[in-house]
Amino acid sequence: MSMSKREGEKQSDLWVPTTDLARSPGHPFYERLNKILAEAGFDAFVEQECAPFYATKNGRPSIAPGIYVRMLLVGYFEGLRSEREIDWRCSDSLSLRAFLGYDLSQNTPDHSSLCRIRQRLDLETHRGVFTFVLKVLAEAGLLQGKTLGIDATTMEANAAMKSIVRRDSGENYDAFLQSLAKESGIETPTRADLARIDKKRKNKASNDDWQNPNDPDAEITKLKDGRTHLAHKVEHAVDMDSGAVMAVTIQPGARGDTQSLPETLSVAMENTMALLQDPRSAQHLSEQPLSELVTDKGYHSNDSMTLTAAMDCKSYISEPDRGRRDWQDKEHAKKATYANRRRIRGGRGKALMKRRGEILERTFAHTMESGAMRRAFLRLRDNILKRYLVHVAAFNLSLVMRTIFGVGTPRGLRV
């Protein structure tokens, strides 16, 4: 009996009929997801939204917009950090090829194609995809929209601290320190001299003075793990009943919570209005959408209190200990603050505060950690937001999949 060789050592056939090519039976998770998207009319919607960005006759045949969005969805479901990883995974996997509609005789889109499509499609088109998925959730009865929880986290930017330059002169950090040393009388400063001068300076990493030329939108801030790095601020507005993300914003990394709150609330209101304008999704929403707001004490301020009161929204915002306060000429803020204080001490407020950490942090755990978006591999805020909107839309789709299929990601079927 002769010893057989490994398959890789056999001589390849010169011609292989397409009927003999390996085929995947399809992944049950992705097959079910494709069925949900087809029933909702996803591909027709995306093609209609993207039509203004495509020429009718000129150029080579383009990649279908539905395939582009599906590849970004794969980034969340497979936990892939960059578009290069998405490109490789889709090309390598038979089940993902079936999900995209490609067989072995066709090349899947590469990462450069994903990049070009993302740059050509505007931000509003990506927002439209996010809103479309919200409507799918609403029609599935997974969106109430009454109680909104808001929280934020940091996303590490694709830019290095050692590359920052002065906003006024364009000097890098070392050149700036050397100029300071010469002004102090040291003509030829050593590394020890520069370190000593740098140690004594105050506000040495101020965003008012420094920026990264590769990503001017990134700001110097402290990350969740304690490191100081260039970052963006990601803020979620979450439906506290279902855990679905109703709005996403990416803002300057050093922006305070009280400053970022109005923008996120505005986006949440726009998305809610879009849901209410669709009769199929409006019938499943609460009769009082966005009537309650839950956040932590970082969002507590006079402006936040008056804003929520003006929106006729009951706030449940943890109040920091500020001691005795002066309310002179601040009657509206006083009334709203006292009403918020009464609510958070009641039974409803305590229950929401207990649920807040679980629901809000879960969205970041899935999108940032297991979804692998803690670090950005793109630059410029709007450019990152385009991919992140589809990324969070995939998280919302996972809630639908969990109720229908029992698991929210294909990795859940491995156990």
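Check the entry above for the structure.
Keep in mind that this is a model prediction, so the values were computed, not measured. (Residues numbered from 1 in each chain as written. Predicted model: local features only at pLDDT ≥ 70, side-chain atom pairs only at ≥ 80, totals over all residues. Heavy atoms only, no water.)

Enquirer: Can you explain the overall build of the chain? Please cite residues and give values.
Expert: The helix and strand inventory of the chain stands at 15 helices and 8 strands. Each principal axis of the C-alpha atoms in the chain carries an extent, and together these give about 90 × 70 × 55 Å. Among the 415 residues that make up the chain, the fraction classed as buried is 47%. A separation threshold of at least 6 residues defines the contact pool for the chain, and within that pool the share at least 24 residues apart is 71%. About 22,000 Å² of surface is accessible on the chain, with carbon and sulfur atoms providing 48% of the total. (Helix = DSSP H or I, 4+ residues; strand = E, 2+ residues; numbered from the N terminus. Buried < 20%, exposed > 50% of the residue type's maximum accessible area, 1.4 Å probe, protein only. Contact = heavy atoms within 4.5 Å. Areas by Shrake-Rupley, 256 points an atom, 1.4 Å probe, with all protein chains shown as cover.)

Enquirer: I'd love a proper account of the packing of aromatic side chains, names of residues and values included.
Expert: Enumeration over the complete set of coordinates arrives at 12 aromatic pairs. Relative to F77, the ring of F29 lies with its centre 5.2 Å away and its plane at 70°, an arrangement referred to as edge-to-face. You can see F29 sitting in helix α1 (residues 28-39) and its partner F77 sitting in helix α3 (residues 65-77), a full 48 residues away along the chain. Assessed through its relative accessible area of 0%, F29 is described here as buried. Residue F77 is classed as buried on the basis of its relative accessible area of 0%. Taking 6.2 Å as the distance between ring centres and 80° as the angle between the ring planes, the aromatic pair formed by F29 and F405 counts as edge-to-face. (Phe/Tyr/Trp six-rings, centres within 6.5 Å; stacked < 30°, edge-to-face > 60°.)

Enquirer: Could you give me a rundown of the pairing of strand β8 (residues 314-317), with the residues and numbers involved?
Expert: Where strand β7 (residues 292-295) and β8 come together, 4 bridges link them in parallel fashion. Following the sheet pairing, L293 is matched in β8 by S315. For the crossover that starts at β7, traverses helix α12 (residues 302-310) and ends in the parallel β8, the hand is right-handed. (Pairing = 2+ DSSP bridges. Right-handed = clockwise from strand over helix to strand, strands pointing away.)

Enquirer: Just give me the short version of the pattern of salt bridges, but keep the residues and values in it.
Expert: The full count for this structure, using the stated rule, is 17 salt bridges. One salt bridge connects D43 with R70, and the closest N-O pair in it is separated by 2.8 Å. Of this pair, D43 sits in helix α2 (residues 42-50) while R70 sits in helix α3; the two residues are 27 residues apart in sequence, bridging distant segments of the chain. We classify R70 as buried; its relative accessible area is 6%. Residue K135 pairs with D278 through a salt bridge whose shortest N-O separation is 3.9 Å. With K135 in helix α7 (residues 123-139) and D278 in the loop between α10 (257-276) and α11 (279-282), this pair connects stretches of sequence that are 143 residues apart. (Salt bridge = Lys/Arg side-chain N within 4 Å of Asp/Glu carboxyl O.)

Enquirer: Give me unusual backbone geometry: which residues, what numbers.
Expert: Phi is positive for L290, close to 55°, though the residue is something other than glycine. Of note, the phi angle at D329 is positive, near 60°, even though the residue is not glycine. With respect to the element layout, D329 can be found in the loop between β8 and α13 (331-345).

Enquirer: Go over helix α9 (residues 191-200), please, and point to the residues and values.
Expert: Buried within α9 we find D193, L194, I197 and D198. When α9 is viewed along its axis, its buried side chains cluster within an angular range of 130° and face the same direction. Residues of α9 that are exposed and angled more than 90 degrees away from the buried face: R191, K199 and K200. Elements in contact with the buried residues of α9: α8 (173-183). (Arc of directions from axis to C-beta.)

Enquirer: Help me get a handle on the side chain of N271, residues and values and all.
Expert: Of note, N271 is situated in helix α10. Of the polar contacts made by the side chain of N271, one reaches the backbone oxygen of M246; its length is 2.7 Å. When residues no more than four places from it in sequence are discounted, the contact partners of N271 are F130, T131, L134, M246 and A247. (Polar contact = N/O pair within 3.5 Å; in protein donor to acceptor, adjacent residues only side chain to side chain.)

Enquirer: Tell me about the nonpolar core, and please be specific about residues and values.
Expert: Soluble globular proteins tend to bury their nonpolar side chains together. Ranked by size, the top nonpolar core spans 87 residues in total, and within it L33, F77, L148 and Y388 carry the most contacts. The leading source of residues in this core is helix α15 (residues 381-405), at 13 residues. Those residues in contact with Y388 that lie beyond four places of it in its chain are M155, V234, H236, V248, I250, T367, M368 and M373. Counting 13 residues, the second largest nonpolar core, distinct from the first, contains A159, I164, L194 and W210. (Core = buried A, V, L, I, M, F, W, Y, C linked by side-chain atoms within 4.5 Å.)

Enquirer: If you had to explain the packing of α8 against α9 to someone new, which residues and values would you point to?
Expert: Helix-helix packing is described using two parameters, namely the angle between the two axes and the distance between the axes. At a closest axis distance of 10 Å, the pairing of α8 and α9 adopts a crossing angle of 90°. With respect to their mutual orientation, α8 and α9 come out roughly perpendicular. Along the contact surface, α8 presents Y173, D174, L177, Q178, L180 and A181, while α9 presents R191, L194, I197 and D198. (Axes fitted to C-alpha atoms, helices over the stretch in contact; angles between N-to-C directions. Parallel < 35°, antiparallel > 145°, perpendicular 65-115°, else oblique.)

Enquirer: Tell me about the state of the cysteines, and name the residues and values.
Expert: The tally for this structure, following the rule as stated, stands at 0 disulfides. Take C50: it sits in no disulfide, and the sulfur closest to it among the cysteines is that of C115, at 16 Å. Its sulfur unpaired, C90 is 16 Å from the next cysteine sulfur, which belongs to C115. Take C90: its relative accessible area is 0%, and that puts it in the buried class. (Disulfide = S-S within 2.5 Å.)

Function-wise, these values are silent; they only describe arrangement.
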